[in-house]
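# Observations on chain architecture
Listed below are the residues making up each chain.
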Amino acid sequence: MEIRDVGVVGLGTMGAGIAEVFARAGLTVTAVEADSGALSRGMAILDGSLGRAVSRGKLTEDEYAQIVGRVRPGAALGSLAGADLVIEVVPERLAVKRQILAELDQVCRPDAIIATNTSSLSVTAIAAASARPGRVIGMHFFNPAPVMRLVEVVTTVLTEPSAGQAVTELARRLGKTPVQVTDRAGFVANALLLPYLNHAARLLETGYATRDDIDLAVTAGIGLPMGPLALLDLIGLDTSLSVLEVLDREFGGTRYTPAPLLRRLTDAGRVGRKSGAGFYEYSGAATGGDSAVFDNEDQPPPPGTVTLIDHQDRSAELASLIAAAGINVTRNPAHPSDLVIVAIGPEGGVIGPATAAGRAAESVGLHLATLSLAELVASPVTSARALAAARALIARLGLRAVRSADRPGLLVGALLYPQLRDAVAMVGDGYATSADVDTAMTLGCGYPRGPIRLLADAGVGTAVEVLRAMHAGYGDPAFAPSPLMTQYAQGGLSPVARESPAARESPAGHESPAGHETPAGR
Ligand code: 3HC
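Think of each chain on its own: its residues are numbered from 1, step by step along the sequence as written. It should be noted that, the model being predicted, local features are given only for residues of pLDDT at least 70 and side-chain atom pairs only at 80 or more, the latter also being counted only at that level, while totals for whole chains, interfaces and linings use all residues. Neither water nor hydrogens contribute to the side-chain values; these are computed over all heavy atoms in the structure.

To sort residues, take the accessible area from a 1.4 Å probe on protein chains only and compare it with the maximum for the residue type: under 20% means buried, over 50% means exposed, and anything in between is partly exposed. Where helices and strands are cited, they refer to DSSP runs of H or I of at least four residues and of E of at least two residues respectively, numbered from the N terminus. In terms of residue burial, helix α9 (residues 228-235) counts as a mostly covered element, since 7 of its 8 residues are buried. For α9, every residue scored as buried is listed here: Pro228, Leu229, Ala230, Leu231, Leu232, Asp233 and Leu234. The inward-facing, buried residues of α9 contact α7 (189-205), α8 (211-221), α10 (237-251) and α11 (260-267). Once α9 finishes, Gly236 follows within two positions and takes phi at roughly 105°, a positive value. Should any heavy atoms of two residues lie within 4.5 Å, those residues are considered in contact.

This is the structure:
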């Protein structure tokens, strides 16, 4: 079945984006909203996005006119009688979706496919409301739909294979990469993304780190295109909350229980970009997620001499960086100096070595998360003066810095490793292959490398160590390394598995990292 004529029900941000994707691929689109105000707002989103492409020279006026000409606004579901496929993109409420499916049964051709763009609800539960459950399927796009290349094609026990094939082929014609998954809460991408975003919100609300530091830790420390709080604003806090509620019901545990701050901001109507404010304010150009943290004018001059205290063999790289910047380094705590730096690992732990040196108030912990990002850690007795001197040192070294609580994982690791753990657990559960996981996160969420590749690059041993420290520190089983991850570490195995039927059956499939290609390496 070749799909040429499609309907889109619901023209919010995602619906308008999906309508644009269809129309750009040459399909005829009927875009339906019951309310005329919502219909014109949706058409304006679509028009604005195409207009931006024209102004950036990505579309000609002619192409713009042809694409717009393929989209017909419709005020009622009755206008979808001729559609080969209809996708619903209405709010994430099961009862609303089931009602729409029942109404579509009355108007659509019996062989038409009914797709749902649900982010997390059970496609089976939605399909069961239809008189043709075999033709109901999940077709999950990612925000912004015109940009992100992933489509999760979600089949249920009821889906006819021909519907799955038709939607998979359609996704390819749209220029997207389909990943086929079965009906489990959050599918692949949201089940990995949302717990991590939730954790970031919790770190903010507990004062673990500031908004800007959390986002900078992720963009500069992990290399993702957006920080988690900026991404929550893009997705919408209300949408994120409803995905988390579904994940919480299905899986349970602290990773999924929504951070109270998400609920408070949603209650306050601060749901992100679409409402003009979320974690950030959007008055036009603001995007959030990246800020020069220590560029302020009041910074003191950099220290002339630094005492470097080695904690668990972490100081060699730091010592040469400091020396290369023309700053004296001494290892002797009794020697006078302007600042004491405790070189720490991602497990943290400043107060012990700082106290042992007898200079706790002057000591600041420093961890090089990458060659360009430092994590600064104060102990409970670190003075404001020492912290300011450490910031000046960082600026002098040409690094960016984030300040973290002194807890296992610090900031970058606390955001990164639990997500890598979740990814390996998903592979260990047999829900997705490691290749599927990496495809989903690179093409759906713009990761330069998927979590499995990130884990291989960071080293499974390091990840297991940090996770064990987090587990011991918080007593939360959500941080314990998954059994498969522990096996990878014990066997010295790479988590990057070959994409083959054998890998699907045996998630521990092993190959050298060089044999695997990710869409964008770093
Ligand atoms: N609509 C249409 N096009 C858009 C757009 C939008 N809202 N935002 C950006 N673009 C286009 C731009 O026009 C530009 O196109 P061009 O290259 O053809 O000129 C391109 O995207 C890049 O945009 P910018 O240069 O302005 O910005 P960035 O390079 O910073 O990229 C981004 C912006 C693509 C949003 C990038 O930051 C990114 O990939 N972020 C991660 C987004 C993500 O994770 N999405 C998934 C969320 S989860 C989800 O949706 C599932 C749901 O169920 C919850």
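The subject of this paragraph is the packing of aromatic side chains. The aromatic pairing rule takes the rings of Phe, Tyr and Trp, using the six-membered ring of Trp, and pairs them if the centres are within 6.5 Å, calling planes under 30 degrees apart stacked, those over 60 edge-to-face and the rest tilted. For the structure shown, the criterion picks out 3 aromatic pairs. Ring geometry for Phe22 against Phe141: centres 6.3 Å apart, planes inclined by 80°, an arrangement best described as edge-to-face. One end of the pair, Phe22, is in helix α1 (residues 13-24); the other, Phe141, is in the loop between β6 (136-140) and β7 (150-155), with 119 residues separating them in the sequence. In this pair, the class of Phe22 matches that of Phe141, namely buried. Judged by centre distance (5.6 Å) and plane angle (55°), the ring pair of Tyr474 and Phe479 falls under tilted.

On to the site of the ligand. Neighbouring the ligand are 21 residues; Arg56, Ser119, His140, Asn143 and Asn190 lie closest to it. Here Asn190 contributes a side-chain N or O atom positioned 3.0 Å from an oxygen atom of the ligand. Accessibility throughout is a Shrake-Rupley quantity obtained with a 1.4 Å probe, and a residue counts as covered only by protein chains that appear here. Here the ligand has 1100 Å² of accessible area as a free molecule, and 67% of this is covered by the chains. At the level of secondary structure, the elements contributing two or more residues to the shell around the ligand comprise α2 (36-55), α7, α9 and α16 (434-445). With 3 residues, the top contributor of residues to the shell around the ligand is α9. Put simply, Ala, Val, Leu, Ile, Met, Phe, Trp, Tyr, Cys and Pro go in the nonpolar bin, Asp, Glu, Lys and Arg in the charged bin, and everything else, Gly too, in the polar bin. In the shell around the ligand, the residues fall into 12 nonpolar, 6 polar and 3 charged. If a single non-hydrogen atom of a residue is within 4 Å of a molecule or strand, that residue counts as near it. Nitrogen and oxygen atoms within 3.5 Å of one another constitute a polar contact, given that in protein one can donate a hydrogen and the other can accept it, and given that sequence-neighbouring residues count only through two side-chain atoms.

Note: most peptide bonds trans; most residues except glycine with negative phi. In the segment running from Asn143 into Pro144, the intervening peptide bond is cis, with an omega of -5°. With respect to the helices and strands, the residue Pro144 is situated in the loop between β6 and β7. For Phe187, which is not glycine, the phi torsion reads 50° and is therefore positive. Tracing the chain through its elements places Phe187 in the loop between β8 (177-182) and α7. Even without a glycine there, the phi angle at Leu410 is positive, about 45°.

Below, the discussion takes up the pattern of salt bridges. Here, a salt bridge means any side-chain nitrogen of Lys or Arg that lies within 4 Å of a carboxyl oxygen of Asp or Glu. Counted by the stated rule, this structure contains 19 salt bridges. Here Glu2 ties to Arg4 by a salt bridge, and the two come within 3.9 Å at their closest N and O atoms. Overall, Glu2 belongs to the partly exposed group, its relative accessible area being 44%.

Fitting a line to C-alpha atoms yields each axis, with helices limited to the stretch in contact; the angle taken between N-to-C directions then spans 0 to 180 degrees. At a minimum axis separation of 9 Å, helix α18 (residues 460-474) and helix α19 (residues 483-491) run at an interaxial angle of 130°. By the criterion of interaxial angle, the relationship of α18 to α19 is oblique. Between α18 and α19 the crossing geometry is left-handed. Touching Val460, Ala463, Val464, Leu467 and Arg468 of α18 are Met485, Thr486, Tyr488 and Ala489, all from α19. Here the contact of α18 with α19 is built from residues that sort into 7 nonpolar, 1 polar and 1 charged. Comment on the angle field: the value is read as roughly parallel under 35 degrees, roughly antiparallel over 145, roughly perpendicular from 65 to 115, and oblique elsewhere. A crossing counts as left-handed when the near helix is turned anticlockwise from the far one by less than a right angle, and as right-handed when that turn is clockwise.

Attention now moves to the confidence of the model for the chain. Scored by pLDDT, the chain has a mean of 91; 92% of the residues are at 70 or more. Scored between 0 and 100, pLDDT is the confidence that the predictor attaches to each residue. The low-confidence segment residues 285-296, where pLDDT is below 50, has 26 contacts with residues more than four positions distant or belonging to other chains. Confidence drops under a pLDDT of 50 for residues 498-522, and excluding neighbours within four residues, the segment shows 45 contacts in the predicted structure.

Here we come to the sheet that holds strand β12 (residues 363-368). Two orientations exist for strands paired in a sheet by backbone hydrogen bonds: parallel and antiparallel. Strands pair, by our definition, only if DSSP identifies at least two bridges between them. Taken together, the 6 strands give an open sheet; going across it, the order is β10-β9-β11-β12-β13-β14, and neighbouring strands pair in mixed fashion. The open sheet terminates on both sides in strands that have one partner only, identified here as β10 (328-330) and β14 (400-404). Geometrically, the sheet is characterised by an average inter-axis angle of 35° between neighbouring strands, direction not taken into account. As defined by bridge partners, β12 adjoins strand β13 (residues 373-378) across 5 bridges and the pair is classed as antiparallel. Following the sheet pairing, His367 is matched in β13 by Glu375. Contacting β13 and β14, α8 runs over the sheet at an angle of about 130° to β14.

What follows concerns the side chain of Gln419. If you trace the backbone, Gln419 turns up in helix α15 (residues 412-428). Excluding residues that lie within four positions of it along the chain, Gln419 makes contacts with Leu192, Tyr196, Arg255, Met441 and Tyr447.

Turning our eyes to something else, we now look at the packing of α10 against α11. Put simply, α10 and α11 touch, their axes get as near as 9 Å, and they point 135° apart. It follows from the interaxial angle that α10 and α11 lie oblique. Here α10 runs over α11; the crossing is left-handed. Between α10 and α11, the residues in contact are Leu237, Asp238, Leu241, Leu244 and Glu245 and Leu262, Arg263, Leu265 and Thr266, respectively.

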